[in-house]
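Below, each chain spelled out in residue letters.
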Amino acid sequence: NVFDNVSYPLRTRGESREAIREKVARTLRFVQLEGFENRPATKLSGGQQQRVALARALVAEPKVILFDEPLSNLDAKLREETRKELRRFLGELDITAVYVTHDRIEALALSDDIAVMRSGRIMEIGSPRKIYFNADHGFVADFIGRANLIPGTARSSADENGHTLVDAPLGPIRCRGNPAIAPGEAVTVCIRPEFISVEASHPAEAAPRAETPPEEAAASEANQFHGKVESLVFVGEVCEGEILAGDTRLFVRVDPTAPLAEGDAVTLRCPPESCLVLAK
């Protein structure tokens, strides 16, 4: 049954019955299986069996534990609750965890340090904020969260405001300064969807004035571009959309109450500090 399964590591260590009952009860509460002690383990659902395995691993309070996607069979709400409790549980018991996952939210929420791997090789190691906001590789930036990766050529390593200016298909993009980038170098600009503001365009904004070259007009507005809504999908707390700006397709997230629809002309803005320049 569930109790025998979870208590097995404690029984092999010869712990007292009272200590075993106390630790098993606490661990079963953590995985939300309180009251299942006498249930046959083989009669549980797949998600419940996975929680029994998680409880058996944690009840022994090891110094190091390896997790291989332990929450993958849980429903969305239970997975979120267990993820939060797991971080607290591991911290209280001072357990080091090596946690393997393809879920970026789990990686960001649980980790002190993240190692992103590709084809068996570690591409980059860093804190969750470093990996998400300031990745060194385009693959890492795209893997750890949805990212717009725009190819371009560096025009300057730093302007008077300390920004790196990149010539891209949709126009010049002012980016966070990167002194390691040389003028003329092929680069990739990484922009997270949440940093792009989207507003319906007024007729006068639909295109730069004829006497002003498009590149200068875009640059003068500090990353202001014009495009058209190609798709817009409501997913709850946000609408996920694709905007076509020139020949560049950008993924965006907008407020679900925003008065936008597919086919609308829009104006895009993105602060330079939210545009990351990556060497190719």
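These numbers come from a predicted model, not from an experiment. Counting from 1, residues in each chain are numbered in the order their sequence is written. Note on the predicted model: pLDDT of at least 70 is required for a residue's local features to be given, and 80 or more for side-chain atom pairs to be given and counted; whole-chain, interface and lining totals, by contrast, use all residues. Values shown for side chains rest on all heavy atoms present in the structure; no hydrogens or waters enter the calculation.

**Here's the deal with the overall build of the chain**
Working step 1: Secondary structure elements follow DSSP: runs of H or I of four or more residues count as helices, runs of E of two or more count as strands, with numbering from the N terminus. Scanning the chain from N- to C-terminus turns up eight helices and 14 strands.
Working step 2: Just to be clear, the radius of gyration here is over C-alpha atoms, and the globule rule we use is 2.2 Å times residues to the power 0.38. Whereas a compact globule of 280 residues would reach a radius of gyration of roughly 19 Å, the chain reaches 25 Å, over 25% beyond that.
Working step 3: Taken over the C-alpha atoms alone, the chain extends approximately 85 × 40 × 30 Å along its principal axes.
Working step 4: For the chain, the residues scored as buried account for 40% of the 280 residues in total.
Working step 5: Considering only contacts within the chain whose residues lie at least 6 apart along the sequence, 58% involve residues at least 24 apart.
Working step 6: Looking at the chain as shown, the accessible area adds up to about 15,200 Å², and 50% of this sits on carbon and sulfur atoms.
Working step 7: His residues and chain termini do not enter the charge count, which takes Lys and Arg as positive and Asp and Glu as negative. The atoms used to mark charge sites are NZ of Lys, CZ of Arg, CG of Asp and CD of Glu. The chain carries 34 positive and 42 negative side-chain charges, and their two centres are separated by 8 Å. With a 1.4 Å probe rolled over the protein chains alone, any residue whose accessible area is under 20% of its type maximum counts as buried; one over 50% counts as exposed, and the rest are partly exposed. Contacts are assigned to residue pairs with any non-hydrogen atoms lying within 4.5 Å of each other. Areas reported as accessible are Shrake-Rupley estimates using a 1.4 Å probe. Residue values count occlusion only from the protein chains shown.

**Topic: unusual backbone geometry**
Working step 1: At Glu 61, a residue that is not glycine, the phi angle is positive and equals roughly 50°.
Working step 2: As for its placement among the helices and strands, Glu 61 is situated in the loop between helix H3 (46–59) and strand S1 (64–68).
Working step 3: The class of Glu 61 is partly exposed, set by a relative accessible area of 31%.

**Considerations on the side chain of Gln 48**
Working step 1: Within the secondary structure, Gln 48 is located in helix H3.
Working step 2: Whenever a nitrogen or oxygen atom comes within 3.5 Å of another N or O atom, the pair is scored as a polar contact, on the condition that within protein one atom can donate a hydrogen and the other can accept it, and that pairs from neighbouring residues in sequence are kept only if both atoms are in side chains. One polar contact links the side chain of Gln 48 to the main-chain amide nitrogen of Ser 45, over a distance of 3.0 Å.
Working step 3: For Gln 48, the residues in contact, after removing those within four places along its chain, are Leu 33 and Phe 36.

**Let's talk about the packing of aromatic side chains**
Working step 1: Any two rings among Phe, Tyr and Trp, with Trp reduced to its six-membered ring, count as a pair given centres within 6.5 Å; such a pair is stacked if its planes are under 30 degrees apart, edge-to-face if over 60, and tilted if neither. Applying the stated rule across the entire model yields four aromatic pairs.
Working step 2: Where Phe 67 meets Tyr 99, the ring centres are 5.6 Å apart and the plane angle is 45°; that geometry is what we call tilted. Here Phe 67 is found in strand S1, whereas its partner Tyr 99 is found in strand S2 (residues 96–100), with 32 residues between them in sequence. Judged on exposure class, the residue Phe 67 and its partner Tyr 99 are both buried.
Working step 3: Of the aromatic side chains, those joined through ring pairs into one cluster are Tyr 132, Phe 133 and Phe 195.
Working step 4: We note Arg 146 situated over the ring of Phe 251; from NZ or CZ to the ring centre the distance is 3.8 Å.
Working step 5: We call a charge positioned above a ring when the Lys NZ or Arg CZ atom is no farther than 6 Å from the ring centre and deviates by at most 35 degrees from the ring normal. When the ring centre of Tyr 132 is taken as reference, the NZ or CZ atom of Arg 192 above it lies at 4.0 Å.

**Some words on the environment of Val 31**
Working step 1: Turning to its location among the elements, Val 31 is positioned in the loop between helix H2 (17–30) and H3.
Working step 2: Linking Val 31 and Gln 48, residues 17 residues apart in sequence, is a C-alpha distance of 8.9 Å.
Working step 3: What Val 31 contacts, discounting residues up to four positions off in sequence, is Arg 51, Leu 54 and Ala 55.

**Overview of the side chain of Glu 124**
Working step 1: For Glu 124, the position within the fold is in strand S4 (residues 121–126).
Working step 2: Sequence-distant contacts of Glu 124, that is, excluding residues within four places in its chain, are made with Ile 114, Ala 115, Val 116, Lys 130, Ile 131, Asn 134, Ala 135, Asp 136, His 137 and Val 140.

**Here's the deal with the sheet that holds strand S10 (residues 224–234)**
Working step 1: Two strands are counted as paired when DSSP detects at least two bridges linking them. Read across the open sheet, the five strands follow the order S9-S13-S10-S11-S12; overall the sheet is antiparallel. Looking along the sheet, the strands with just one partner apiece sit at the ends: strand S9 (197–200) and strand S12 (248–254). Averaged over all pairs of adjacent strands, the angle between strand axes in this sheet comes to 40°, irrespective of strand direction.
Working step 2: By the bridge criterion, seven bridges tie strand S11 (residues 239–245) to S12 in an arrangement that is antiparallel. When the sheet's bridge partners are listed, Ile 243 is paired in S12 with Leu 250. Here, axes are lines fitted to C-alpha atoms. For helices the fit covers the stretch in contact, and angles between N-to-C directions go from 0 to 180 degrees.

**So, helix H1 (residues 2–12)**
Working step 1: Turning to H1, its buried residues number three or more, namely Val 2, Val 6, Ser 7, Pro 9 and Leu 10. Down the axis of H1, the buried set is contained in an arc of 130°. They therefore lie on one face.
Working step 2: Gly 14, located one to two residues past H1, shows a positive phi value of around 75°. Comment: arc refers to directions from the helix axis out to C-beta atoms.

**Overview of helix H4 (residues 76–93)**
Working step 1: To estimate how far a helix should extend, the number of its residues minus one is multiplied by 1.5 Å. Over its 18 residues, H4 extends 26 Å from the first C-alpha to the last, a length consistent with the 26 Å expected when each residue adds 1.5 Å.
Working step 2: Of all the positions in H4, only Leu 78, Thr 82, Arg 83, Leu 86, Phe 89 and Leu 90 are classed as buried. Each buried residue of H4 sits inside an arc of 140° when the element is viewed along its axis, so together they form one side. Exposed residues lying more than 90 degrees from the buried face of H4 are Lys 77, Lys 84, Gly 91 and Glu 92.

**What about the environment of Ile 125?**
Working step 1: Locating Ile 125 in the fold gives a position in strand S4.
Working step 2: Ile 125 sits 31 residues away from Ser 156 along the chain, and the two C-alpha atoms are 28 Å apart.
Working step 3: In this structure, Ile 125 is in contact with Ile 114, Ala 115 and Ile 131, ignoring residues within four places of it in sequence.

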